[in-house]
Amino acid sequence: MIDGNETGFSRRTFLASGTVATAAVPLAAQAKGRTMDQAAAVRAETGVPITLRINGGNHRVTVDPRTTLLDTLRERLGLTGAKKGCDQGQCGACTVHVDGRATLSCLTLAVAAQGRDITTIEGLAAADGTLHPMQAAFVDNDAFQCGYCTPGQIMSAIAIVHDGHANDANTIREAMSGNLCRCAAYPNIVAAIEQAAVQMKRG
């Protein structure tokens, strides 16, 4: 029979070693947490200072070079009109205008948007609150239900009118195919764009 004392190992030392190991787990987790916090702090300190021209005003912000324009608009600047839907450029909910062209802000890096004119849904209405013709047409035609996709739909719709792709219903449907509506309000959206297109051409 082997005596625990002769081997230098006993139930007491086993339990003690197990206790030490168990106690080490939360300590390791805490160390990992501190490491992650430190890494986040380093990223914040080494961010890139940029100036974005949005809705006619300049906004100075420091961002991680990997930050998208969408996240910058929503999380740093409080412009939450552009919505995060698929976050993969497939639903159109995040559409804004960059230099007058419809742009998927979830696929655009904020640093790449410097020196360019950015317009979001918040910048469409006049200073006195008068809605843009496209916004008014969406209201007139009940072209939204839950409203989540509506800002992106409106931004894309304005762009296709300016690009000359709103001459008839079929052309509108094709040009707007990148903007998805889970509520399936498509007939009303097309009607709204047809109405606004006439008004925008007159204006």
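As a reminder, the structure under discussion sits directly above these lines.
Residues numbered from 1 in each chain as written. Predicted model: local features only at pLDDT ≥ 70, side-chain atom pairs only at ≥ 80, totals over all residues. Heavy atoms only, no water.

Engineer: Whenever I open this one, the nonpolar core confuses me. Can you help?
Structural biologist: When a protein is soluble and globular, its nonpolar side chains tend to lie buried together. Counting residues in each nonpolar core, the largest one holds 26 residues, and the members touching the most others are M134, F138 and I193. Those elements giving two or more residues to this core turn out to be α4 (133-140), α5 (150-162), α6 (169-175) and α7 (186-202). Per element, the largest residue contribution to this core is 7 residues, and it comes from α7. In contact with M134, not counting residues within four places along its chain, are I154, A157, I158, V161, A192, I193, A196 and M200. Ranked by size, the runner-up nonpolar core spans 17 residues in total, among them I50, L52, A110 and I118. (Core = buried A, V, L, I, M, F, W, Y, C linked by side-chain atoms within 4.5 Å. Buried < 20%, exposed > 50% of the residue type's maximum accessible area, 1.4 Å probe, protein only. Helix = DSSP H or I, 4+ residues; strand = E, 2+ residues; numbered from the N terminus. Contact = heavy atoms within 4.5 Å.)

Engineer: Can you help me understand the sheet that holds strand β2 (residues 57-63) in this one?
Structural biologist: Pairing between the strands of a sheet comes from backbone hydrogen bonds, and it takes one of two forms, parallel or antiparallel. Overall, mixed pairing links the 5 strands, which are arranged β2-β1-β5-β3-β4 in an open sheet. Every interior strand has two partners, whereas the edge strands, β2 and β4 (101-104), have only one. On average, adjacent strands in this sheet sit at an angle of 40° to one another, irrespective of strand direction. Pairing geometry for strand β1 (residues 48-54) and β2, over 7 bridges, is antiparallel. Across the sheet, the residue bridging to T51 is R60, located in β2. Helix-sheet contacts for helix α3 (residues 69-76) involve β1, β2, β3 (95-98) and β5 (117-119), and the interaxial angle to β2 is about 100°. Contacts from α5 reach β3, β4 and β5, with the element oriented near 40° to β3. (Pairing = 2+ DSSP bridges. Axes fitted to C-alpha atoms, helices over the stretch in contact; angles between N-to-C directions.)

Engineer: Explain α5 to me, please; I cannot follow it from the model alone.
Structural biologist: Helical geometry: 3.6 residues make up each α-helical turn, so side chains three or four residues apart lie on a common side. For α5, spanning 13 residues, the distance from its first C-alpha to its last is 18 Å, which sits close to the expected 18 Å at 1.5 Å a residue. Within α5, the full set of buried residues consists of T150, P151, G152, Q153, I154, M155, S156, A157, I158, A159, I160 and V161. Along its buried surface, α5 packs onto β3, β4, β5, α4, α6 and α7. Immediately beyond the C-terminal end of α5, within one or two residues, lies G164, with a positive phi of roughly 80°. (Expected span 1.5 Å × (residues − 1).)

Engineer: Explain the packing of α4 against α5 here, please?
Structural biologist: Across the interface, α4 lies against α5 with an axial gap of 10 Å and an inter-helix angle of 125°. On the basis of the axis angle, α4 is oblique to α5. By crossing handedness, the relation of α4 to α5 is classed as right-handed. Of α5, the residues touching α4 (which contributes M134, Q135 and F138) are T150, Q153, I154, A157, I158 and V161. Here the contact of α4 with α5 is composed, by residue class, of 6 nonpolar, 3 polar and no charged. (Parallel < 35°, antiparallel > 145°, perpendicular 65-115°, else oblique. Left-handed = near helix turned anticlockwise from the far one by under 90°. Nonpolar A, V, L, I, M, F, W, Y, C, P; charged D, E, K, R; others polar.)

Function cannot be inferred from these measures alone, as they are strictly geometric.
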